[in-house]
Protein chains: 2
Amino acid sequence: MEFKALKKSGIFNLLSTFGKEIFQPPGIVEWSERAKKEAAINSTVGVATGKPSEYMDSSSDKVGIFHLSAIKELYNNFKPEQIFAYAPVLGIPSVRNSWKKWIGFKLKDHNPAIESIITQPYAIPGITVGIYVLCRMFLSPTEKAILPEKRWGNYDAIIKRNIGAGIQSFTLFRENRFNYEGLKSAIVETAKNQDKAFVLLNFPNNPTGYSPDRETAEKICSTLKESVKESGKPLIVVTDDAYEGFVYDDSLKHSIFSHLAELGKDILAVKVDGITKELLFWGGRLGMITFAIPPYFGDKGEIELELENKFVGLVRATISNSTKIIQEGVASIVSEPDKFLQERERIISIIGKKANALKEELEKNSNPEILPDHFNSGFFAFLNIKDVSAEKLADHLLKKYKIGVIPFEKKKENINGLRLTFSSLSVEEIPRLVAGINNAVADLK
Amino acid sequence: MEFKALKKSGIFNLLSTFGKEIFQPPGIVEWSERAKKEAAINSTVGVATGKPSEYMDSSSDKVGIFHLSAIKELYNNFKPEQIFAYAPVLGIPSVRNSWKKWIGFKLKDHNPAIESIITQPYAIPGITVGIYVLCRMFLSPTEKAILPEKRWGNYDAIIKRNIGAGIQSFTLFRENRFNYEGLKSAIVETAKNQDKAFVLLNFPNNPTGYSPDRETAEKICSTLKESVKESGKPLIVVTDDAYEGFVYDDSLKHSIFSHLAELGKDILAVKVDGITKELLFWGGRLGMITFAIPPYFGDKGEIELELENKFVGLVRATISNSTKIIQEGVASIVSEPDKFLQERERIISIIGKKANALKEELEKNSNPEILPDHFNSGFFAFLNIKDVSAEKLADHLLKKYKIGVIPFEKKKENINGLRLTFSSLSVEEIPRLVAGINNAVADLK
């Protein structure tokens, strides 16, 4: 494959050295596809089939995939093919189709036509895999990704230790608002040393619980446009939407991806989302990668074909494919959101009450040593601690008050604080949590 | 972590540049572990919990992980924690423990004490992931892995295109037996340019359906020992045991890993196996990585701890963790092999009959243009084709005879042949398959 459409669209230049090299050669998959269409005897596939009557307590003579009834019994409501068969490298069509519609549904209030410009999502086993393969594909080891200084620790593991690339941090907040200037100068600075900029945004944010409102989202968009203009280099912006929808005030309930999707040919937007938090299916491991390819990039169909080849090349040589039964379950659930939306709203509202209770409690017991970041979403709140080491504080909190929190102490980035998970607390525990932190700070001052 | 035990054991020197660098830093995971033990209020975790009575049609006030009843209904026989909770990076303890016992069971006829020298298996989402992370960990881009020329195509994708390393091929067969000399000279040759050799063995073999008998297995072991002696460099040998147990004659029914496990301090053996074929659970995606660490490597406990840190560092930054419900199901199944062994034996015997039918049919219709490799196991047979291009033959077979097979044509490696899957055919189709191939070769001669 020559990747002509990718080159023509300008997207090719955004790929890492690795991403430029990787491709999926023709082979077994294509011969198998042809055999499915053209063959009467199909001797291409890597599975084994037979009649249930021949090996299990069944009278069925219908040839199907060999499987063990003991496993089948564990998963009662599916047909054997839905559980035991392989899935295609980038996911079964039903989950890819239904997730595309689900994205359309989630973003419809901002852009009712978003489905027409997005790609068929790639199903991968979790958002981590999504972030990893996107970074592997678009970030060379000599380049830097731009992220806020307050971020999920696994980004550092993926980008720095696994990919071997760098991170250019910017301070997330400035004067209690999003730090547009910081984002812009990070883009302009990194673009001096590389052919494009790579920005990773995560709202609702881990660890701060921050989501932008509509005005902020629009201002982030204009910041990106200005930055691209000033640097003269294109930009890829990845949204990690793990906590999409978990918003407890009037801020954006949909992903900022919808706003980023059509900012012009110099800005390529990619959305990563998944079932872990959105469908409260932590142990399921299914994430989705979706690109926005508005008409100015060129022929969307051709670009999709070439991008898929790249991702199949990488995904097949890393994880092969994702668990079938999970894909089948998610396809079935997501194609009928009415079956779960009400229940999910109730869960979001319960977590919102916990967030608000924590906010009130922190305000009631305000302490000049403890400065909470603005939080309105997600599962976490972040307390900046003034003079006491966050790690010492976390240790003391555990030992004396039996309170477990996550300390963030990165001196270089000027971070010293505690991440609190409010989503897994009861409202009743919150006053004890805040009192404990206040007392522990006082103990150590 | 300083990896003192790994350095002392000599294993550290087998790691790739990347493998030498990667580590799992202390962080959220450790704070969460401490909170589980020490905290009364646990505000560390990234999940959300509440009472079922608050959001679903349930009277239960027992706080548990938030989940959607519509998904729960799809997986009826499990408790919510078994489906919806996260699994640890390298797998839930029950599946790791039960798989270790399962390896002990599989290898008991050759070595009843194997469990005492193997590590706790790492659960990863499929054998492909196992091969990938092992190659990433032990093979630097400047190095070469040693594999037979007849091999699974995805090895090339993983090692060459994904890792960026090389492959040194050796011819699998010589005079209708395993090519010991070829293996040895590949090891001695590559060891000249790198600090260790890396060998990947796959029995039952894809694409040839070949498994060694006991005598051959022992001779492979002595070949490895001689090679290491001659090269003066250590060696890591990975066994891809995807098709373990699917053997239809008196050859090794257990993995050659058992023979390789105790060849001395210069040979580190690693086993990769999984549920795809072994438990006929194609769509499940669960593989296992297990090292043999006999006492001569040093303190097994310390080495295990350091190896796990390395693999957690890589696995968490690539796939995070593996699907919980699959792990729970496999743990439950594998801890009671009696529940499925009989059924599995019946399946193996049905596939064996197909293999034998194909063998007879090929002998009955022997053709000097078609030379089948020796096959006695797995799902495939390989026919070497003399004068006709394998790809043209496969194309012609499809078009004229409606027969689908996979062509292998690698001129540099002197390969031109067809891979036939016998495992998914009916015995009745086999004469038509062989006749079709004979006719197609005659057509094209």
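Residues numbered from 1 in each chain as written. Chains lettered and ligands numbered in written order. Predicted model: local features only at pLDDT ≥ 70, side-chain atom pairs only at ≥ 80, totals over all residues. Heavy atoms only, no water.

**Quick word on the overall build of chain A**
Summing up its helical and strand segments, chain A has 18 helices and 17 strands in all. Taken against the 2.2 N^0.38 rule, which gives 22 Å for 445 residues, the C-alpha radius of gyration of chain A at 24 Å falls within 12% of a compact globule. Counted over contacts in chain A with a minimum sequence separation of 6, partners at least 24 positions apart contribute 71%. Taken as a whole, chain A presents about 16400 Å² of accessible surface, with 49% of it coming from carbon and sulfur. Charged side chains in chain A number 59 positive and 56 negative. The centres of these two groups are separated by 3 Å. (Helix = DSSP H or I, 4+ residues; strand = E, 2+ residues; numbered from the N terminus. Rg over C-alpha atoms; globule rule 2.2 N^0.38 Å. Contact = heavy atoms within 4.5 Å. Areas by Shrake-Rupley, 256 points an atom, 1.4 Å probe, with all protein chains shown as cover. Lys, Arg positive; Asp, Glu negative; His and termini not counted. Charge placed at Lys NZ, Arg CZ, Asp CG, Glu CD.)

**Thoughts on helix α17 (residues 390-401) of chain B**
Residues and elements named next belong to chain B. Across its 12 residues, α17 extends 15 Å between first and last C-alpha, which sits within 8% of the 16 Å expected from 1.5 Å per residue. Regarding α17, the residues found buried are Ala390, Leu393, Ala394, His396, Leu397 and Leu398. Positive backbone phi, at 55 degrees, marks Lys402, one or two positions downstream of α17. (Expected span 1.5 Å × (residues − 1). Buried < 20%, exposed > 50% of the residue type's maximum accessible area, 1.4 Å probe, protein only.)

**Some points on the sheet that holds strand β10 (residues 235-240) of chain B**
All names here are of chain B. The strand order across the open sheet built from seven strands is β4-β12-β11-β10-β9-β5-β6, with neighbouring strands paired in mixed fashion. A strand with exactly one partner marks an edge of an open sheet, and here the two such strands are β4 (122-124) and β6 (166-170). Within the sheet, the average angular offset between the axes of one strand and its neighbour, ignoring direction, is 25 degrees. One ladder, built from six bridges, connects β10 with strand β11 (residues 267-274); its direction is parallel. Considered in β11, the bridge of Ile236 is made with Leu268. Packed on one face of the sheet, helix α7 (residues 93-107) meets β4, β11 and β12 (287-291) and runs near 110 degrees to β11. (Pairing = 2+ DSSP bridges. Axes fitted to C-alpha atoms, helices over the stretch in contact; angles between N-to-C directions.)

**Focus on the packing of helix α8 (residues 127-138) of chain A against helix α14 (residues 300-316) of chain A**
Residues and elements named next belong to chain A. Look at α8 against α14: their axes get within 11 Å of each other, and the N-to-C directions meet at 115 degrees. For the pair α8 and α14, the sense of crossing is right-handed. Residue-level inspection shows Val133, Leu134, Arg136, Met137 and Phe138 of α8 in contact with α14, the latter providing Lys310, Phe311, Leu314 and Val315. For the contact of α8 with α14, the residue count by class is seven nonpolar, no polar and two charged. (Left-handed = near helix turned anticlockwise from the far one by under 90°. Nonpolar A, V, L, I, M, F, W, Y, C, P; charged D, E, K, R; others polar.)

**Focus: the domain arrangement of chain A**
Quoted interface sizes are often the accessible area lost when the parts come together. Residues and elements named next belong to chain A. Looking at the assigned domains, one finds that chain A contains domain 1 (4-67 + 342-444) and domain 2 (80-339). A straight line from the C-alpha centre of domain 1 to that of domain 2 covers 14 Å. With 47 residues of domain 1 in contact, the opposing surface of domain 2 contributes 53 residues. The contact between domain 1 and domain 2 buries some 4400 Å² in all, and 62% of this surface belongs to carbon and sulfur atoms. When the buried surface of domain 1 facing domain 2 is broken down by residue, Leu14, Arg344 and Asn376 rank first, second and third, together holding 16% of it. In this structure, Lys150 engages Asp373 in a salt bridge whose closest nitrogen and oxygen atoms are separated by 2.7 Å. The tally of links between domain 1 and domain 2 comes to 20 residue pairs in polar contact (both at pLDDT 80 or more). For the side of domain 1 that touches domain 2, the secondary structure elements donating two or more residues are α1 (4-9), α2 (17-21), β3 (64-65), α16 (341-364), β14 (380-385), β16 (406-410) and β17 (415-421). Residue contributions to the side of domain 1 that touches domain 2 peak at six residues, all from α16. For the side of domain 1 that touches domain 2, a count of residues per class yields 23 nonpolar, 15 polar and nine charged. (Domains from an automatic or database assignment. Buried area = accessible area lost by both parts, 1.4 Å probe. Salt bridge = Lys/Arg side-chain N within 4 Å of Asp/Glu carboxyl O. Polar contact = N/O pair within 3.5 Å; in protein donor to acceptor, adjacent residues only side chain to side chain.)

**With respect to the sheet that holds β14(A)**
All names here are of chain A. The antiparallel open sheet is built from four strands, whose spatial order is β13-β14-β17-β16. Either end of the sheet is taken by a strand with one partner, and the two such strands are β13 (370-372) and β16. Neighbour-to-neighbour, the strand axes of the sheet open up by a mean angle of 30 degrees, direction not taken into account. Looking at chain direction, β13 and β14 are connected through three bridges and run antiparallel. For Ile370, the partnering residue across the bridge sits in β14 and is Ile385.

**Topic: the interface of chain A and chain B**
Listed by partner, the interface residues are 107 residues for chain A and 107 residues for chain B. Buried surface at the junction of chain A and chain B, both sides included, amounts to about 9400 Å², of which 60% is carbon and sulfur. The tally of links between chain A and chain B comes to zero salt bridges. Where chain A meets chain B, there are 32 residue pairs in polar contact (both at pLDDT 80 or more). Here the side of chain A that touches chain B takes seven residues from α16(A), the largest share from any one element.

**Re the side chain of A:Gln120**
All names here are of chain A. Relative to the helices and strands, Gln120 resides in the loop between α7 (93-107) and β4 (122-124). In terms of polar contacts, Gln120 uses its side chain to reach the side chain of Asn97, at 2.4 Å. Contact partners of Gln120, with chain neighbours within four places excluded, come to Arg96, Asn97, Lys100, Ile289, Glu304 and Glu308.

**Side note on the relation of the copies chain A and chain B**
Under the fitted operation, chain A is carried onto chain B by 0.0 Å of movement along the axis and a turn of 180 degrees, and the coordinates agree to an RMSD of 0.0 Å. Between the two chains, the operation in question is that of a two-fold axis. It is A:Tyr75 whose C-alpha, among those of chain A, lies nearest the rotation axis, at 2.8 Å. The residues that chain A uses at the interface reappear at the interface of chain B in 100% of cases, marking a shared surface. (Least-squares fit on C-alpha atoms with pLDDT ≥ 70 in both.)

**Let's talk about helix α10 (residues 180-191) of chain A**
Residues and elements named next belong to chain A. Here α10 contains 12 residues, and its C-alpha end-to-end distance of 17 Å stays within 8% of the 16 Å for a straight helix at 1.5 Å per residue. Every buried residue of α10 is listed here: Tyr180, Gly182, Leu183, Ala186, Ile187, Val188, Thr190 and Ala191. Where the residues of α10 are buried, they touch β5 (144-148), β6 (166-170), β8 (177-178), β9 (197-201), α11 (214-231) and β10 (235-240).

**Description of the nonpolar core**
If you look at the biggest cluster of nonpolar residues, it comprises 332 residues, and the most contacted ones within it are A:Phe138 and B:Phe138. Ignoring anything within four residues of it in the chain, the contact list for B:Phe138 reads B:Ile11, B:Leu14, B:Leu15, B:Ser16, B:Glu143, B:Lys196, B:Phe198, B:Ile236, B:Leu268, B:Phe291 and B:Phe311. (Core = buried A, V, L, I, M, F, W, Y, C linked by side-chain atoms within 4.5 Å.)

**Some details on the pattern of salt bridges**
Residue and element names in this part refer to chain B. In total, this model carries 52 salt bridges over all chains according to the counting rule given. Ionic pairing is found between Glu143 and Lys196, a salt bridge with its closest N-O pair at 2.9 Å. Pair noted here: Glu143 is in the loop between α8 (127-138) and β5 (144-148) and Lys196 is in the loop between α10 (180-191) and β9 (197-201), with a separation of 53 residues, a long-range link. Accessibility classification places Glu143 together with Lys196 in one group, the buried group.

**What to know about the environment of A:Phe257**
Among the structural elements, A:Phe257 can be located in helix α12 (residues 257-260). Residues in contact with A:Phe257, not counting those within four places in the same chain, are A:Leu107, A:Ile118, A:Thr239, A:Asp241, A:Ala269, A:Val270, A:Lys271, A:Thr290, A:Phe291 and A:Ala292.

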